[in-house]
Amino acid sequence: MGPFAREVLAAYLTAAALVAVGFGLLRAALWLGMARRLSARQTLRVGRMTVGLAVLLPFGALGVRELLPVAPLFTFERSLVRYTAPSEPPTSRASRGAASESPAPGRGVPVAAPLGLLGLGMSAVLAWELRRYARLRRGLEALPLLRRVGRVRVVVGEGGAFSVWFPGRGAWVVVPCVLLEDAEAFRLTVRHELQHHRQRDTVFAYARLCFDSAFFWNPFARAFSRWLADCQEFACDEALVTGPRVPAEAYARCLLQASSRVPGSSPLPAGVTGMSHPTVRRIRMLFEPRPCSSGRALGLVLSLAVVMAPLALWAQGAARGRAVSLAEAQALAAAQPEGDLPVVVDAAVVEQLNRFVTTSKGRDFMRKALANLAVHREALSGTLRSRSLPEGLLAVAMVESAVSNLPETSREPSLAPGPRGAGVWMFIPETARRHGLKVEAGRDERLDVARETQAAASLFQALHARYGDWRLALAAYNQGEGVVDRALAETGVRDASELTRTGKLNGYTSTVQAAVLLLRNPHLLD
C-alpha cells in the first residue's frame, strides 16, 4: 500500500475514534444540563455538526499534515537494533531475516488485507441499503395517491407513517390507512411528515446512509445514527407545536393514539424517517420550555471542536511519523560502522532528518532513493571501496538525485541546492569535464553511472585531502572550493555546524548527514 493510502486509512480510523469521542462528549454535555438549555432543533443541529467534525477533522488534518505536531510511532529501543550491524544492502538484510522476522507493520498484506475487507464491507452495506431504497420506491409508486402537497405525494400504506425523498423521483409521505378514520390524527400526521421534508431530514437521510455504511462496524456510529433519528422526531414535533396551528394537547393525543392504533411496520432503509420512537419522551418534550438562544448551541459545538481537533491532529501526526529528538539522533550517529562517514549531529541535522521522517514529501523522496539504491548499490559501493572511501557517501547520491540517472533537463526533484546537474551524482558540466567526463552534444558521460561514479570518487578524495574534514568536503562538493575557502578565511572557523548556523555555508552538509542516518536506519521511514 502506498504512503497516501496509509494516511487515508489512518484518517478514516481516526474519524471512527472521533465519532465515539464526539458522541460521548455530546451526550455527557446534554446529561450535565445542556439538554435543558437547548431546543430540540438546536440539539439536532449540534448532533449533525458533531458528526461532521468527527468525520471531516481527520481528513482536514491530512490536508495540512506538513504543519501537524508529531507523536510516537516507533520506540527508541527499536532504533538501536542495528547499532552494531554494518551498513549493507537491504536485499541481503531481508534475506537473512526472512526466516525469523515478521513483516513490518504498515506494509504488505497486514495492512492491505484489512483495508480491502473494509472497503468490501462498506460497498456491500451501501449496496444493500440502496437496493432497499429502490424496492421501497417501487412499492410507493404502486400505493394509492390521496393528494399532492406541492411536490410531495401523500399516499396510504399499511405500516407506520414515514417520509422519504428520492433524487430525481420526488418526495413521498406515507400515512397508515387506520388513520383515515380520524381526520385530526390524519391531519397532524401529514403535517409531521411534511415537516421532515421542510427541515431537510429526508435529504440528510442520504448523509446518514453514507455514514452508516462507512462505519458499519462501529457500534458508536450506529448508536449516534439512532440518536440523530430520535432528535429528528423531537425537532419535528417541536417545530409543529411552536406554531399556532397545532396545539400541544391535540398533538399529544395524536401521539398516544398513534402508538396504540398504528401497527408496526417492516424495517425501513437506513435514514428514512419514521414515527417508531419513544412516545412518553416525545409528549413530555412538547410541554417543556424551549430555549431560543443560538449562542449556547454554537458554544457547545465550539467546545467539542476544541477537544476533537487536537485529537485529530495528534492522531494524524502519529500516522505520519515520529519526530526524532536530538539525543536520539546523536545515539543513532554514535553507532556508525567503523571507517564509515562520520555524522556530527546538530540542530540542523535533526531538523532535516525530521523533514525526511515526518513529512510526506520527505518520506516519498527517501523511499524512492532507497529503492533505487537497491539497484545501483553494489556498483556504487564497489567503486567507493576500491578508493578506500566511506560507504556513507552513497547518501550524496540519495540527496542529489534519489539515486536516479537523470539528464540535466529532467524535472525530477532534487534535495541539493544550486545549479542542476546530471547523472546519479548530479555533476554540472564544468565539474564533469574537469574530472575527465565528456559533456557535449550527442554525448554526455555523466549518464554513464560507472564513469560518473569513478569521477565522483576522485572528487571526494581530492576534497577530503584538501580539507581533512568530511563535512567541509561535502560543502565543497555542492558549493565549490571557493565558497568553502572564503568561509574559512573570513571566520577562522572550521566547524561546519557553526559555518552553517551563521549562513557562511548552506544546509547541504546537514541534508547529507541526515540522509546518512536514514541510509543506516531505513526503518525510520516505516
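Structure's up top.
A brief report on the enclosed structure follows. Please read all numbers here as calculations on a predicted model, not as lab measurements. Throughout this document, residue positions are counted from 1 along each chain, in the order its sequence is written. pLDDT decides what is reported in this predicted model: residues at 70 or higher carry local features, side-chain atom pairs at 80 or more are listed and counted, and totals for whole chains, interfaces and linings draw on all residues regardless. Note that water and hydrogens are dropped before the side-chain values are worked out from all heavy atoms of the structure.

## Details of the overall build of the protein
Secondary structure is summarised from DSSP: a helix means a run of H or I of at least four residues, a strand means a run of E of at least two, and numbering begins at the N terminus for each. Within the protein, the regular secondary structure consists of 21 helices and six strands. For the protein, the residues scored as buried account for 49% of the 526 residues in total. Every residue pair with non-hydrogen atoms within 4.5 Å of one another is taken to be in contact. A separation of at least 24 residues holds for 72% of the contacts in the protein among residues at least 6 apart in sequence. Accessible surface for the protein amounts to roughly 24,700 Å². Of this, 60% is attributable to carbon and sulfur atoms. The buried label applies to any residue whose accessible area, calculated with a 1.4 Å probe on protein chains only, is under 20% of its type's maximum; exposed applies above 50%, and partly exposed to all values in between. The protein chains shown are the only cover counted for residues, whose accessible areas, like all others here, come from Shrake-Rupley with a 1.4 Å probe.

## As for the sheet that holds strand 2 (residues 152-157)
When DSSP finds two or more bridges between two strands, those strands count as paired. Strand order in the open sheet formed by four strands is 1-2-4-3, with mixed pairing between adjacent strands. Of all strands in the sheet, those bounded by a partner on one side alone are strand 1 (145-149) and strand 3 (162-166). Along the sheet, successive strands turn relative to each other by an average axial angle of 25°, direction set aside. Looking at chain direction, strand 2 and strand 4 (residues 170-176) are connected through six bridges and run parallel. Paired with Val 154 across the bridge in strand 4 is Val 173. Note on geometry: axes are C-alpha line fits, over the in-contact stretch for helices, and angles between N-to-C directions span 0 to 180 degrees. Those strands touched by helix 6 (residues 183-198) are strand 1, strand 2, strand 3 and strand 4, and its axis lies near 150° from that of strand 4.

## Regarding the pattern of salt bridges
Between Lys or Arg on one side and Asp or Glu on the other, a salt bridge is scored when a side-chain nitrogen of the former is within 4 Å of a carboxyl oxygen of the latter. Using the criterion set out here, one finds 19 salt bridges in the structure. As a salt-bridge pair, Arg 132 and Glu 129 come within 3.6 Å of each other at their nearest N and O atoms. Taken as a pair, Arg 132 and Glu 129 lie in helix 5 (residues 109-141) at a separation of three residues, close to a single helical turn. With respect to burial, Arg 132 and Glu 129 carry one shared label: buried. Taking the shortest distance from any N to any O, the salt bridge between Arg 520 and Asp 340 comes out at 3.1 Å. Separated by 180 residues along the polypeptide, Arg 520 in helix 21 (residues 508-520) and Asp 340 in the loop between helix 12 (326-334) and helix 13 (347-358) bring together distant segments of the chain. Asp 340 sits in the buried class, given a relative accessible area of 11%.

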